[in-house]
Amino acid sequence: MILKTLSEIRNLFDAEDRRQWPVLLAASLLVGLSRSLVLATTNSAIAAYGKGEPYLHYLWAVGALAIAAVGIGYFSAIRGQIVSSRMGIRLRNRLLQRLRASNLRMIERVGPDQLHWHLMHTVRTLASTYGTLLGFVGAIVMLAFNFAYIGWLSPWGLLMALIITVVGVSVHFRQERLNMEPQRRLDQLSNTSSARHREFIRGYKELRLSAAKS
């Protein structure tokens with residue numbers, strides 16, 4: 001099931017976009033590593049300053065790493081947005097082609113407003129997931145290096161960091177599960193609101209002629 005899903009996701013990207021995957025993955029890894037090194041180098045600079053040792057070379061390293069993290073992150077964000085946008089366009093085209101070949105009763109049952117909502121909102125959400133995954137990779141790398149650095153400084157500090165992270169992740173996922181039903185209702189209300197707006201625009205002439213309807 002997972003392999004089938006991954007295969008379907010892969011088919012949403014063309015060959016040119018798939019060639020970008022290793023580059024974007026490497027960029028996300030470098031961003032996470034650079035951010036972790038910024039933290040470690042800053043801590044070393046503070047420690048050197050407290051001992052009265054030379055510390056300016058640490059600050060230069062912090063600046064270079066910060067610039068690298070921002071630059072690589074900007075490149076990754078722009079390229080990831082381009083790939084996501086292309087995927088969204090192809091997904092909409094594919095859905096429109098299937099819609100053209102669909103049963104008329106099914107289209108009438110679902111309704112044009114809901115179909116339009118899925119074409120715009122759902123596809124946009126799916127396309128933005130690609131950029132979210134790239135950010136997730138960078139965050140995981142940064143978290144892993146930060147854990148390693150904290151463990152090198154203090155095993156007890158590493159234990160506390162792990163406990164806090166596990167508790168935080170558990171609370172987050174629990175909250176996400178609780179939010180699923182409200183989010184579904186919110187999507188339905190947004191769909192209804194969008195439908196009312198389009199009805200208003202389509203019938204604006206009649207509304208201008210009838211104060212009661214307006």
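Not measured: the values here are computed from a predicted model.

S.K.: Quick one: what's the story with the overall build of the protein, residue by residue and with numbers?
M.R.: Along the protein, the regular secondary structure elements total seven helices and zero strands. Along the chain direction, N to C, the helices and strands of the protein fall in the order α-α-α-α-α-α-α. Here the protein has a C-alpha radius of gyration of 25 Å; the compact-globule value for 214 residues is 17 Å, and the former is much larger. Principal axes of the C-alpha set define a box for the protein whose edges measure 80 × 45 × 35 Å. Among the 214 residues that make up the protein, the fraction classed as buried is 21%. For the protein, the accessible area works out to roughly 15600 Å², and carbon and sulfur atoms hold 68% of it. Taken together, the 26 basic and 12 acidic charged side chains of the protein have centroids lying 2 Å from each other.

S.K.: Outline helix 6 (residues 155-202), supporting the account with residue identities and numerical values.
M.R.: Taking 1.5 Å of rise per residue, the 48 residues of helix 6 would be expected to cover 70 Å, and the 66 Å separating its terminal C-alpha atoms lies within 8% of that figure. Those residues of helix 6 not exposed but buried are A161, N191, A195 and R198.

S.K.: Now, about the side chain of S28: what can you tell me, with residues and values included?
M.R.: Note on placement: S28 falls in helix 2 (residues 15-50). Other than its neighbours up to four places away in sequence, S28 contacts S76, L134, V137 and G138.

S.K.: Just give me the short version of the pattern of salt bridges, but keep the residues and values in it.
M.R.: Within the structure shown, the criterion is met by two salt bridges. For E181, the salt bridge identified is with R184, shortest N-O distance 2.4 Å. With E181 and R184 both in helix 6 and three residues apart, the pair spans about one turn of that helix. Judged by relative accessible area, which is 36%, E181 ranks as partly exposed. In this structure R184 comes out as partly exposed when scored by relative accessible area, which is 39%.

S.K.: Before we move on, can you summarise the environment of A77 with the specific residues and values?
M.R.: Structurally, the position occupied by A77 is in helix 3 (residues 56-100). Along the primary structure A77 and F200 are separated by 123 residues, whereas in three dimensions their C-alpha atoms are 37 Å apart.

S.K.: Requested: an account of helix 3, with residues and values cited.
M.R.: Taking 1.5 Å per residue as the helical rise, helix 3 with its 45 residues ought to reach 66 Å, and the 66 Å between its terminal C-alpha atoms agrees with that figure. The set of residues buried in helix 3 consists of V62, A69, S76, G80, V83, S84, M87, G88 and L91.

S.K.: Could you give an account of a nonpolar patch on the surface, with specific residues and numbers?
M.R.: Residues W156, L159, M160, I163, I164, V167 and V171 make up a contiguous nonpolar surface patch of about 740 Å² in total accessible area. With respect to the helices and strands, L159 occurs in helix 6.

S.K.: Residue-level account of the side chain of S36, with values.
M.R.: Within the secondary structure, S36 is located in helix 2. A distance of 3.1 Å separates a polar side-chain atom of S36 from the backbone oxygen of M142. Beyond its immediate chain neighbours, meaning those up to four positions away, S36 contacts V141, M142, F145 and N146.

S.K.: Account for the environment of G138, with residues named and values stated.
M.R.: Turning to its location among the elements, G138 is positioned in helix 5 (residues 112-153). Taking the C-alpha atoms as reference points, G138 and R105, separated by 33 residues in sequence, lie 46 Å from one another. With sequence-adjacent residues up to four places away left out, G138 is seen in contact with S28 and G32.

S.K.: Help me get a handle on the confidence of the model for the protein, residues and values and all.
M.R.: Mean pLDDT over the protein stands at 79; residues scoring 70 or higher make up 92%. The spread of mean pLDDT over the elements of the protein runs between helix 1 (residues 2-11), the lowest at 58, and helix 6, the highest at 85.

S.K.: Quick one: what's the story with the packing of helix 2 against helix 3, residue by residue and with numbers?
M.R.: Look at helix 2 against helix 3: their axes get within 8 Å of each other, and the N-to-C directions meet at 155°. By the criterion of interaxial angle, the relationship of helix 2 to helix 3 is roughly antiparallel. Crossing of helix 2 against helix 3: the hand is left-handed. Taken together, the residues of the contact of helix 2 with helix 3 sort by class into 20 nonpolar, nine polar and six charged.

Reading the values: rules and limits
Residues numbered from 1 in each chain as written. Predicted model: local features only at pLDDT ≥ 70, side-chain atom pairs only at ≥ 80, totals over all residues. Heavy atoms only, no water. Helix = DSSP H or I, 4+ residues; strand = E, 2+ residues; numbered from the N terminus. Rg over C-alpha atoms; globule rule 2.2 N^0.38 Å. Buried < 20%, exposed > 50% of the residue type's maximum accessible area, 1.4 Å probe, protein only. Areas by Shrake-Rupley, 256 points an atom, 1.4 Å probe, with all protein chains shown as cover. Lys, Arg positive; Asp, Glu negative; His and termini not counted. Charge placed at Lys NZ, Arg CZ, Asp CG, Glu CD. Expected span 1.5 Å × (residues − 1). Contact = heavy atoms within 4.5 Å. Salt bridge = Lys/Arg side-chain N within 4 Å of Asp/Glu carboxyl O. Patch = residues over 30% accessible without salt bridge, like charges linked within 9 Å, V, L, I, M, F, W, Y side chains within 5 Å. Polar contact = N/O pair within 3.5 Å; in protein donor to acceptor, adjacent residues only side chain to side chain. pLDDT = per-residue confidence, 0-100. Axes fitted to C-alpha atoms, helices over the stretch in contact; angles between N-to-C directions. Parallel < 35°, antiparallel > 145°, perpendicular 65-115°, else oblique. Left-handed = near helix turned anticlockwise from the far one by under 90°. Nonpolar A, V, L, I, M, F, W, Y, C, P; charged D, E, K, R; others polar.

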